[in-house]
Amino acid sequence: MVKKVKRLYRASEKDSMIGGVCAGIADYFNVDPTLVRLFWVLFIFGWGTGILAYLIAWIIIPRK
């Protein structure tokens, strides 16, 4: 039996708002993209490193 490996991808352009990072993470964890976007905004304003983390994720995570 072959196991299907779950991969992390950025969302396609029709599902994404800026870079598709939040929608891709939401798809990977099977949650609503709005929750991931809300968490990311809190991460940006709470600790200030969210923008840098988003840019790094945008560069590293491949498009689906």
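Preceding this section is the structure that the text describes.
Computed from a predicted structure; not experimentally measured.

> Any chance you could break down the overall build of the chain for me, citing the residues and the numbers?
A tally of helices and strands in the chain yields three helices and zero strands. Helices (α) and strands (β) of the chain occur, in sequence order from the N terminus, as α-α-α. Looking at the chain as a whole, 27% of its 64 residues are labelled buried. The long-range fraction of contacts in the chain, counting pairs at least 24 apart against all pairs at least 6 apart in sequence, stands at 42%. Only carbon and sulfur atoms are counted for the fraction: they give 68% of the accessible area of the chain, which is about 5,200 Å². Of the charged side chains in the chain, 9 are positive and 4 negative; the average position of the first set lies 8 Å away from that of the second.

Reading the values: the criteria
Numbers given to residues run from 1 along each chain, matching the order in which its sequence is written. Selection of residues for local features in this predicted model requires a pLDDT of at least 70, selection of side-chain atom pairs for listing and counting requires 80 or more, and totals for whole chains, interfaces and linings are taken over all residues. Hydrogen atoms and water are omitted, and side-chain values are computed over all heavy atoms in the structure. Here a strand is any run of E in DSSP of at least two residues, a helix any run of H or I of at least four, and the numbering for each starts at the N terminus. When accessible area is computed with a 1.4 Å probe and restricted to protein chains, residues below 20% of their type maximum are described as buried, those above 50% as exposed, and intermediate ones as partly exposed. Pairs of residues are marked as contacts when any of their non-hydrogen atoms sit within 4.5 Å. Using a 1.4 Å probe, accessible areas were evaluated by the Shrake-Rupley method; residue-level cover was limited to the displayed protein chains. For the purpose of counting charges, residues Lys and Arg are taken to be positive, whereas Asp and Glu are taken to be negative. His and the chain ends are not included. Every charge is mapped to an atom, namely NZ of Lys, CZ of Arg, CG of Asp or CD of Glu.

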